Amino acid sequence: MNESINRRRWKKFKSLKRGYYSLIILLGLYLLSFLLPIIINNRALIVRYDGELYFPIIKGYVSGKTFGQDVPGEARYRTLQSKFKNEPGNWVIMPLYPYSPYEDITYSGNKMYQPPSKSHWLGTDNTGRDVFARMCYAFNISISFALVLTVVNYIFGVLIGGTMGYFGGRFDLFFQRVIEVWSSLPMLFVIIIISSIIKPSFFLLIGIYTLVNWISMTYLMRAEFYREKAKAYVAAALSMGQSDFNVMFKHILPNSLVPIITYFPFSVVAGIAALVGLDYLGFGLPPPTPSWGQMLDIGLQNITKWWMVFSPVTAQFFTLLLIVFIGEGVREAFDPKVYSRLR
Amino acid sequence: MKMKIYLLGLACVLFISCGGDGKNNKKMTPQKSESKKDQSTSAKDGGYGFEDLAEGLGFQTYKWSKEKDGTYFGDPKAKKGGTLNYIHSLFPRTMRIIGQNSSQVLNSRTIASLCYESLLSQHPTTLDFIPKLATHWHISDDKMKFKFRINPDARWWDGMPVTAEDVVATWDLRMDETILSPFEQMTYGKFERPVAESKYIVSVKANTVNWRNFLYFAIMKLHPNHILKELDGTAFLEEYAFSMIPGTGPYFIPEENIKNQESYTFERREDYWDKDSPFSQHMFNFDKIKVSVVKDNDALQFEKFKKGEQDIFNVVRSRRWIEETDFEATQKGWMKKQRIFSEKPAGTSGYYFNMREWPFNDKRIRYAFCYLYDREKMNREMYYNEYGMMNSLYSGTVYENPNNNKFKYNPEKAVQLLKEAGYTSRNSDGWLVHEKTGRVLSFTIITQKTSAYMITPVQQMLKEYGMDMQIQFIDYNTMIKNVNARNFNVCMLAYSGLIYPNPESSLRSTLADQDDNNNVWGFKSDRVDELLDEYDICFDQKRRIEIIQEIDGIFNEVHPIAFSIARNYSRMMWWDKFGYPDWMLSRYVGEYWDAFYYWWIDDEKVDRLDDAMQNGKQLPIMPIDMKYWPAYLLELAS
Amino acid sequence: MIPTFLGSTVLVFTILQMAPGGPIEQIMLQLQMGGAISAEGGASSSGISGDGGGSLPPEALKELERFYGFDKPIYQRYFIWLGLFPREIKHRNFMVEPGAKIVEKRVGKKDGKLWKVDIHILDNNEFRVFEKDGSVSRYWYASVDEIDSDGSLNAVIFQKEFSGILTGNLGRSYTYMQPVTDVMKPRFKISLFYGLTGIILSYLVCIPLGIKKALNHGSMFDFGSSVIIFIAYSIPGWALGGVLLVLFGGGSFWEIFPLGGFRSPTEIWETLTPLQKVADQIHHMILPIIAWTIGSFATMTVLMKNSLLENLSQDYIRTAFSKGIKEKRVIWLHAIRNSLIPIASGIGHILGVVISGSYFIERMFNIDGFGRMAYEAILARDYPITLGFLVIVVIIRLIGNIISDLALATVDPRIRFK
C-alpha cells in the first residue's frame, strides 16, 4: 500500500479533533487500566516494618503475622496503615484507591449497599464490594475481550471470506450455505451447552463468540477479494508464477484493508455489548470477575440503589461513545465523504 | 421466489391452524347435591347406624371436642364471604393433582387441599388422624391391613355419593403407568389393589410392614369412579389438563375461571357436603380465592401488593423485609407485617459435598470448610441477623440431635485440619498446596446465577485461608443433571423438610454409588442402614425420634454438608382486613397458604381500614414476632 | 432457502440433544422430592409425607421415553418432527396371555361412548386391530413390546399421526402442556404489537429528522442532533431500559411509569373505557418502546441523512436544478424518493429482528413476549417451543425479505413486478 496515502489518512484523522482526542483518551485509559492493580487495590505498595521494606504488590501473598497483625491469612493493609500512624518508623504506602474489586463483607468494615461516599466513590454492591473498583477493572476486561474477539474474528473472516471470494465457484456456494445455516443457530444454546461442560473462561468465551461472529466479516472480505481478483495486478502476479497463497495475502489483502480498518471500531463496540449481555444473563465470565453485565444484573435486582445501575451503564456508555467517535474519525479519514455514517 | 411463496403459505397454515382449535366446552357447574339419604345399605355394611357398631367391629375414630381442639379447626368468629387475592410466580402446568406435571407445590397447596379430599386427614396440631371422607378406620393386628368406612353423606360435586369403588378407581388410576407419574406407582405400589367390601367399606392390604403405609393410604386424595371408569390414563391426562375432575372439597374452579398463564379463581361451594361438621364449619371462609400469576418478577409482585392488588405477601429475602417494608401503610398499621414462628421443618440447606471425590473425600477438608464458612457473619452482614443457624438434617424439629457439633467460625482449627491433611504451605497466588503431591487445593462449585450473592462471600472467606473455590454458573437443568450424575465437587442445594423424616432416600448406603437419587453426597454407614431398617417398621413415635436422632448424630460426625442458615418462621405482610385464629398459621405448616384455609375477611376491620386510609388515621401495630407455637411448646413441656 | 431451512433445523435438532437435562430428567427431579433451588434461608415448603429419592423404575422410564418420543433414533425423530414420519401417540399397554387369539381393549372414548377395539394376534406375534363393527381400525396399531418368560406378551396399542411442521403442527409444549402454536400466539401478538409500533414510530421520527439533518448539513441543529444520535448508538437499548426504570419506575427517583407488564391486569383492564384502555396501553408502552427503538433510531436517521446527501450530490439533481426546476420540487420529488431506497430495503430485516423480540427488554419490563418465551424454553429444555421458535424466525426472515422487495418496488421506479 502506498505510504503517502496512509500518511495522508493519518493526518486527516488527526485533523478530526473529536475522533483523535477520543483515541488518545481511550488509549490512555486502556493503558492505564493495566496499572489498576497498583492504583486500585487493597494490597499495599510498600510496607516498612521494623526497619525492613516489603513490596506486597510484587510479592503477592504476605501473611498478616509478618507485620505483627493478629489476623489469620493475608495482612489487612488498610488497618495496618492506620495502626502504623502511631508507630514511628513503620509506614504503609497504599494504592490511590485502597479497595480491591473482590473484597466483600468478609473483610471486616465493608458493608453492603453503601451509597456513594468519600471512601467508596460509587458505593458498594449487594455483597459489600466496591462498585468503583469493579467498574474500573471491568473496563479493562471489556476492552481486552472486545479487542481480542475482533482480531480473532477478523482472522477467520479474512481467511474464509478471502478464500471464498478468491476461488469462487462451488467452494463459494457451499460456504454460503454453511454460513446461512450457521447464522440461524441460537447462540445462547451453544453457550449454555458448552458452559455446562467446561467452565467458561476468557478465551473460551472468545472461542464461542467467534464461532458465531466470524460471519459478518466473511461477507465483506468475500466481496473485496472477489472484486480485487478481477483486477489486472492479480492477473499479472499470477502470470509471474506466484502461488495462490501469495497472491491472496501479499497482493490482494493489503488492498482490501480499508473495510477491515473502518469496521474495526464498530466491531469492538459490538464485542463489548455482547460481553455485557452475556454477563447479564449469567453465561459470561465466571464470578467474581468484575463485569459490567453482572453489575447491571444485580443493580436491576435492587433498583432502589441507583448507583448500582448507573455506574456500569455510564461506564459502558462513555466507553462505547469514545469508540464510536474514533470509528467516525477513522471512517472519515479513509472515506473522505463529508458526513457521518455509523458503520 | 417460488420457494418463498411456498414458505409464506406454510406460515399461513401455521397461523390458521392455531385458530381452529376446538375448545372442550364441557361445563362443570356443580349441581345441588342430592338430599336423598341412602337407607338401603345396612349399618353393618357401613350405612347409617354404623357408628353404634363401630367399636364392636374394632373400628376407631376421632371425635371433636371443644377443650381438646379449640380453634384448631377454625375460629368460631369466622365469617364467610369476600375474596382473597394472591399472586404467585408460576402458573400450574396442569389443574390435575394426579399424573404428569402435577407434583408442583402450587398444585398440592391450593388445588389438592381446597378441591379434593382424602379418606382421613390429620389434626393440624397433634397430627392425629381425623375423619374426612371416612368416619372410621381399622388397622389389623399385623398392621398390614386397613379398613375404612366412608361417610354415607359424602358427595361429589355432581351430587353422586362417595363409595368404596371410588377408592379402588383412584388407586387404579394412580397405578396406571400411562399417567406418566412414576412417583405414584412407587408410593401406591406398596399396596395390593383395594377391595370394596361393601358400598361404604373399603379395605386395603400393604405388601410390607411400615408405619407409613397407613398414612399414605389414608391421605390419598380421591377422584370419582363414575368419571374414571370411562377413562384410561392417557385420556385422563388429556381431558383434565386444564379442567377440573369432580372432587368433594369445599372449593371448585369453574372452567371460565381458568385463564392459562394468567390467573385462576377458586369458588366456595355452598353445598359442600361437610360444611356443618365441627372439623370444617369454621374453615374455608373466603367465597373466592383468586391466584394470579406474575412470572419471574419479585419486585413487580411486591409493587402490586403495595397497591392492594394482592392481599397477603410472603417476604422471602431479608433485605426486602428490613429495608423495604417501612412505608406509610406499615407505619400507620394499615398493613401488618409479622414474623410468625411455627414448627415447620426448616429442611436441609447448605453446601453439599461430593464425598466420592477429592478433595471432599477427606473429612478434614470438609471440616475445614465448615470452620471457615462464617455463616454468622453473613447472617449479620447480609441477612440482617434474620436467621438462625442450621446444625442438623432436621433443624427446628424434635428429631434434631442436640449433641451435634455446632460449627462456628474457627480459622485456627481449620488451618490445623488443613495442615493435618497435608496442606501446609501456600503458593504465590496464596492458594494452599499439598506438601507431597503439590496439588493446589482448588475445587469448583456449580450454581445458578441467582445464588451468586450468597456464594461469593464464602468464596472470599475460603480464599483468605488459601482454599480456592471456583464458581461456575450453569442453568438449573444442567445443574440438576450434574448433581444427579455426581459430576460436581460441591453444590448449594436446599431440600424441603418433612414432618415425618424420611432419611432412607438420602442416606441409604446402596444409593451412594447410584446416580439419580437423593444420596447426593455419597453417604455410607452400616449403623445408619441398620437404623433405617428399624425405623420403617417401628410404630412407636418415641423410638422413631430416638432413631432419627442417632442417625442425625452419625451424619453430623461424617458431615457431608456445610449447613447454612435456618428459618423457623414465615415473614408475612397483609392488608389489615383479615380475621384469623389466635395462632394465625398452623403448627406444622406455618406458611402463607394456611391463610387460604383458616383466615376470613373481617368486615369491621375492612371498615376501619377504609376509614383509616381516607383520614390518615393510625391503626394499632402488633409486635413483629408472633410466637404462639413456641409458647405452646413451652406449655406442653411444663 | 429450503436447504438452509433444513440445514439449520437439523443442526439445532442435534444440538438440542446434546444439552444436558430434559423433560425426563425434570421428572426424575420431581421424584427426588423437594430438590429445590437454593433460596435464602432454605427451601420454603414442607410436606407431611414424601417418599421420594428412589430412582425411576425402568418401566416408568420407558413409558416416559415413549411419551416424549425419545424411544426413536434421532434421525427418525427429526422426520417425525418434520411430519414425514408418523408420530405414535396415545399409547396404551395391554397384556396378551400365551395362546390368546383375540384381546379386547378399551381405548378411551369416541363420540361420548366407550371405545373398545379387538386385537387379533397373528402367528408371528403380530397384531391386527379391528373396530367393534368388524372393520380394520383406521386409528389403532399394536405391536409387541416385550415377551415375558412365560410366553405372555407385553404389548402396546397406539395411534399414528403425521403431525409435523409440514402439516402445520409444531407439537405440544412440555412446559405449558398446550400446543406450541397456542403458546406462541398471544406472545407473538405482543411482540408484533411492539415491533410494529416501534418501527412506525422510528420511521416517523427518523425519516424527517434525517431529511432535516441532510438539508441543514453542518448547522447547529445537525451537530446537536448528532450528539443525541451518538448517545443513542452508544447505549444498548436494554441497558437504557434499566436506567429508565430506575429513573421513572418509582425505584429511587420519580414514579411516573409502571414497573412493567404489557398492560394493566385483565380485571382492571376490563373495567376501563376504550379511551382509558388506550391511555393505559400507552402508559405501559412508553418506556419499553424507547428501549426497543433506540438502537434502530440512530442507524436509521444516519442512513436517511447520508442517503439523501449522496443523492443531492448526484448529477441528475444538478441537471434538474440547472433545468430550473424549483428547489423544493427537486428535493422532495427526486432526491428524497431515491434516498428512501436503502431505508426501504432495510424494512424487512428490521421487522424480522424486532418481531423475534428482544429477550433483554421483555425481561426487563416483564413483558410476556416472543423472545422471552424462547429464552425460557431454552432454559427449560422445552424442545417443541425452541424448534417452533426457530421455524417462525426463519419464516419471518423470509416474509421480511418479501416485504423488503415490495417496499423497494414502491419507492424505486426501476423495479416493477410483472
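Residues numbered from 1 in each chain as written. Chains lettered and ligands numbered in written order. Predicted model: local features only at pLDDT ≥ 70, side-chain atom pairs only at ≥ 80, totals over all residues. Heavy atoms only, no water.

(A) Representation of the side chain of Arg319 of chain B. Within the secondary structure layout, Arg319 of chain B lies in helix α11 (residues 318-323). A distance of 3.4 Å separates the side chain of Arg319 of chain B from the side chain of Glu324 of chain B, its partner in a polar contact. Apart from the residues within four sequence positions on either side, Arg319 of chain B is in contact with Tyr113, Gln301, Asn302 and Lys305 of chain A together with Glu324 and Tyr384 of chain B. (Helix = DSSP H or I, 4+ residues; strand = E, 2+ residues; numbered from the N terminus. Polar contact = N/O pair within 3.5 Å; in protein donor to acceptor, adjacent residues only side chain to side chain. Contact = heavy atoms within 4.5 Å.)

(B) Geometry of the interface of chain B and chain A. Listed by partner, the interface residues are 32 residues for chain B and 39 residues for chain A. At the boundary of chain B with chain A, total buried surface from both sides reaches about 2800 Å², with 52% on carbon and sulfur atoms. Connecting chain B to chain A are 4 salt bridges. Of the charged contacts in the structure, one is a salt bridge between Asp297 of chain A and Lys449 of chain B, with a shortest N-O distance of 3.0 Å. Along the contact surface separating chain B from chain A lie 8 residue pairs in polar contact (both at pLDDT 80 or more). (Buried area = accessible area lost by both parts, 1.4 Å probe. Salt bridge = Lys/Arg side-chain N within 4 Å of Asp/Glu carboxyl O.)

(C) Molecular detail of the nonpolar core. In this structure, Trp292 of chain A together with Tyr351, Phe369, Met467 and Met469 of chain B are the most contacted members of the largest nonpolar core, which totals 163 residues. Among the elements that take part in this core, helix α14 (residues 306-334) of chain A stands out by supplying 16 residues, more than any other. With residues up to four places along the chain from it excluded, the contact list for Met469 of chain B reads Phe369, Phe443, Ile445, Ile455, Val458, Gln459, Leu462 and Val490 of chain B. Counting 101 residues, the second largest nonpolar core, distinct from the first, contains Leu84, Trp157, Leu173 and Phe578 of chain B. (Core = buried A, V, L, I, M, F, W, Y, C linked by side-chain atoms within 4.5 Å. Buried < 20%, exposed > 50% of the residue type's maximum accessible area, 1.4 Å probe, protein only.)

(D) Just the pairing of strand β16 (residues 423-426) of chain B, in detail. All names here are of chain B. Where β16 lies against strand β17 (residues 432-434), 3 bridges are found, and the strand directions are antiparallel. Bridge assignment links Arg426 to a residue of β17, and that residue is Leu432. Between the end of β16 and the start of β17, which pair antiparallel, lie 5 residues, with Gly430 showing a positive phi angle near 90°. (Pairing = 2+ DSSP bridges.)

(E) Fine view of the sheet that holds strand β24 (residues 569-575) of chain B. Residue and element names in this part refer to chain B. Strands sit in the order β12-β24-β13-β27 across an open sheet of 4 strands; the sheet is mixed. Of all strands in the sheet, those with a lone pairing partner are β12 (312-314) and β27 (625-626), marking the two edges. Of the pairings in the sheet, the one linking strand β13 (residues 335-341) to β24 comprises 7 bridges and is antiparallel in character. Paired with Ile340 across the strands is Ser570, a residue of β24.

(F) View of the domain arrangement of chain B. Residues and elements named next belong to chain B. Taken domain by domain, chain B consists of domain 1 (1-24 + 103-281), domain 2 (294-344 + 570-637) and domain 3 (348-566). Taking only C-alpha atoms, the centre of domain 1 and the centre of domain 2 are 32 Å apart. Listed per partner, the contact involves 9 residues of domain 1 and 10 residues of domain 2. Regarding the contact of domain 1 and domain 2, the summed buried area is about 810 Å², with carbon and sulfur atoms giving 64% of it. The largest contributions to the domain 1 side of the interface with domain 2 come from Arg109, Pro124 and Thr125, which together make up 55% of the buried area. (Domains from an automatic or database assignment.)

(G) Local environment of helix α16 (residues 452-464) of chain B. All names here are of chain B. Spanning 13 residues, α16 covers 19 Å between terminal C-alpha atoms, matching the ideal 18 Å at 1.5 Å per step. Taking burial as the measure, the 13 residues of α16 include 12 buried ones, the bulk of the element. Residues of α16 that are buried: Ala452, Tyr453, Met454, Ile455, Thr456, Pro457, Val458, Gln459, Gln460, Met461, Leu462 and Glu464. Where α16 terminates, the next one or two residues include Gly466, which has phi positive at roughly 90°. (Expected span 1.5 Å × (residues − 1).)

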